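This is what each chain is made of:
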Amino acid sequence: EPIITFDHVVKEFKTRGHGGAATRAVDDVSLAINRGDIFGIIGYSGAGKSTLVRLINALERPTSGSVTVLGTDITKLSEAKLRPIRQKIGMIFQQFNLFSTKTVAQNIAYPLQLDHWRKDYQDRRVAELLDFVGLSEHADKYPSQLSGGQKQRVGIARALATNPEILLADEATSALDPETTTEVLNLLKRVNEEFGITIVLITHQMNVVQQIAGRVAVMSSGRVVEAGDVYDVFAAP
Ligand code: ADP
Ligand code: ADP
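Criteria and cut-off values
- All residue numbers here refer to positions counted from 1 along the written sequence of the relevant chain.
- For this description, chains carry letters from A and ligands carry numbers from 1, given in the order in which they are written.
- At least 70 in pLDDT is required for a residue's local features to be given in this predicted model, at least 80 for side-chain atom pairs to be given and counted, and no such filter applies to totals for whole chains, interfaces and linings, which use all residues.
- Computation of side-chain values: all heavy atoms of the structure, hydrogens and water removed.
- When a carboxyl oxygen of Asp or Glu is within 4 Å of a side-chain nitrogen of Lys or Arg, the pair counts as a salt bridge.
- The way it works is that DSSP assigns letters per residue, a run of H or I at least four long becomes a helix, a run of E at least two long becomes a strand, and they are numbered from the N terminus.
- Three exposure classes are used, based on accessible area relative to the maximum for each residue type with a 1.4 Å probe and protein chains only: buried under 20%, partly exposed in between, and exposed over 50%.
- Here a cavity means grid points, on a 1 Å grid over the protein atoms only, where a 1.4 Å probe fits yet cannot get out; a pocket means an open set of points with protein on both sides within 12 Å along at least five of seven lines; lining residues are those with an atom within 4 Å of a point.
- Grid points are joined across faces, edges and corners, and a volume is the space filled by probe spheres set on the points.
- Residues were grouped as follows: Ala, Val, Leu, Ile, Met, Phe, Trp, Tyr, Cys and Pro as nonpolar; Asp, Glu, Lys and Arg as charged; and all remaining residues, including Gly, as polar.
- In this analysis, the expected span of each helix is defined as 1.5 Å times one less than the number of residues it contains.
- This arc is taken over the directions from the axis of the helix to the C-beta atoms.
- The contact criterion used is simple: two residues touch if any of their non-hydrogen atoms lie within 4.5 Å.
- Nearness is judged by heavy atoms alone; a residue qualifies as near a molecule or strand once a single heavy atom is within 4 Å of it.
- Whenever two N or O atoms come within 3.5 Å, that pair is a polar contact, provided that in protein one can donate a hydrogen and the other can accept it, and provided that, for residues adjacent in sequence, both atoms are side-chain atoms.
- Here the open area of atoms and residues is found with the Shrake-Rupley method and a 1.4 Å probe, where only the protein chains shown may cover a residue.
- To form a nonpolar core, buried Ala, Val, Leu, Ile, Met, Phe, Trp, Tyr and Cys residues must be joined to one another through side-chain atoms within 4.5 Å.

> An account of the pattern of salt bridges is needed here, citing residue identities and associated values.
Taken as a whole and judged by the stated rule, the model has 15 salt bridges. For Arg35, the salt bridge is made with Glu1, and the minimal N-O distance between the two is 3.5 Å. You can see Arg35 sitting in the loop between strand 2 (22–34) and strand 3 (38–42) and its partner Glu1 sitting in the segment before strand 1 (2–14), a full 34 residues away along the chain. On the basis of relative accessible area, Arg35 is assigned to the partly exposed category, the value being 40%. Between Arg24 and Asp27 there is a salt bridge; the shortest N-O distance is 3.1 Å. Asp27 gets classed as buried once you look at its relative accessible area, which sits at 14%.

Shown next as structure tokens:
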């Protein structure tokens, strides 16, 4: 059952001062991502991976074609109607995007605060998430006091705070050494297995998709040039 569908999606960016020329960041992509998948999107820098992922939470809108998420065609949905869908989508980033002036616990609580959860529920949920990512001892530290792997675990806990159905990971391990990368990928596997969360993971690192993804799409110049089971796509000819 697809949880995310791209149907002939094109995304062009207008280039200023070049007589109306446009960059085609995503070029006629059709793709289905199934509920419960760990879906890898791999490609070199500039291939269109970030744009594709930003189309999933409607941070970008398609130039043509349509995007369906959680059963709703979000292509032309208003910001107000997008809200409940965005609440079902968590995101983690290469540079972690933590608030440097908030503690670990405050970072994780932030999305719950935005949703006006009661303080006692926030505290309970944060404690649960700290335990899940193995950072209970570090609740009151600031991001600058943490290692890269610990920072990304805070990012994951924060992304999970509001119980999303989809987790988008944009080069989430690209700033980490190989050992820490494996640790973070193992945590993402647990997120997928224990909570059934669909993970869309974009990376330029082949070993990352090979370690974790079940299905993979290879992007080049805005196009999906290959898609399928990770084993088939990367099998030696
Ligand atoms: P990737 O994530 O694979 O590195 P991106 O999706 O970031 O690729 O970029 C794909 C192409 O779209 C690149 O040529 C990039 O310069 C262009 N692009 C991305 N975002 C914008 C934007 N906001 N404005 C103009 N061009 C953009
Ligand atoms: P408060 O006035 O204490 O901030 P709210 O009006 O925000 O309370 O929430 C009322 C009740 O709804 C609380 O028990 C809270 O736990 C619950 N609640 C708040 N946000 C959500 C949400 N996004 N989903 C489900 N329940 C929520």
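On we go from here.
> Please provide a residue-by-residue account of the layout of surface pockets, values included.
Computed from the structure, the largest pocket encloses a volume of approximately 660 Å³. Taken together, 20 residues line the largest pocket, and the ones lying closest to its centre are Arg86, Ile89, Gly90, Pro111 and Leu114. Where the lining of the largest pocket is concerned, the elements lending two or more residues are helix 2 (79–86), strand 6 (89–93), helix 3 (104–114) and helix 5 (148–160). Looking at the lining of the largest pocket element by element, the count peaks at 4 residues for strand 6. Per-class residue counts for the lining of the largest pocket are 10 nonpolar, 6 polar and 4 charged. By volume, the second largest pocket is sized at about 180 Å³. Ile42, Gly43, Tyr44, His204, Met206, Val218, Met219, Ser220 and Phe234 are the residues that line the second largest pocket. Looking at the lining of the second largest pocket element by element, the count peaks at 3 residues for strand 9 (residues 215–220). Of the residues in the lining of the second largest pocket, the class split is 6 nonpolar, 3 polar and no charged.

> Describe helix 4 (residues 119–133), listing the residues and the values that go with them.
Taking 1.5 Å per residue, 15 residues should reach 21 Å; helix 4 reaches 21 Å between its end C-alpha atoms and fits that length. Among the residues of helix 4, those classed as buried are Tyr121, Gln122, Arg125, Val126, Leu129, Leu130, Phe132 and Val133. Axial view of helix 4: buried residues confined to an arc of 165°, hence all on one face. Helix 4 presents Arg124 and Asp131 as exposed residues on the side facing more than 90 degrees away from its buried surface. Tucked inside the fold, the buried residues of helix 4 contact helix 3, helix 5 and helix 6 (178–195). Positioned one or two residues after helix 4, Gly134 has a phi angle of 75°, which is positive.

> Which residues make up the site of ligand 2, and what are the values?
By nearness alone, every residue bordering ligand 2 is listed as Asp115, His116, Trp117 and Arg118. Between a nitrogen atom of ligand 2 and a main-chain N or O atom of Asp115, the distance comes to 3.4 Å. Summarising the interface, the protein chains cover 39% of the accessible area of ligand 2, which totals 550 Å² for the free molecule. Along the lines of polarity and charge, the residues of the shell around ligand 2 split into 1 nonpolar, 1 polar and 2 charged.

> Go over the nonpolar core, please, and point to the residues and values.
In globular proteins that are soluble, nonpolar side chains generally tend to be buried together. Residues Ile92, Ile108, Ile156, Leu167, Leu188, Val191 and Leu201 are the most contacted members of the largest nonpolar core, which totals 45 residues. Among the elements that take part in this core, helix 4 stands out by supplying 6 residues, more than any other. Apart from residues lying up to four places away in sequence, Ile156 is in contact with Ile92, Val184, Leu187, Leu188 and Val191.

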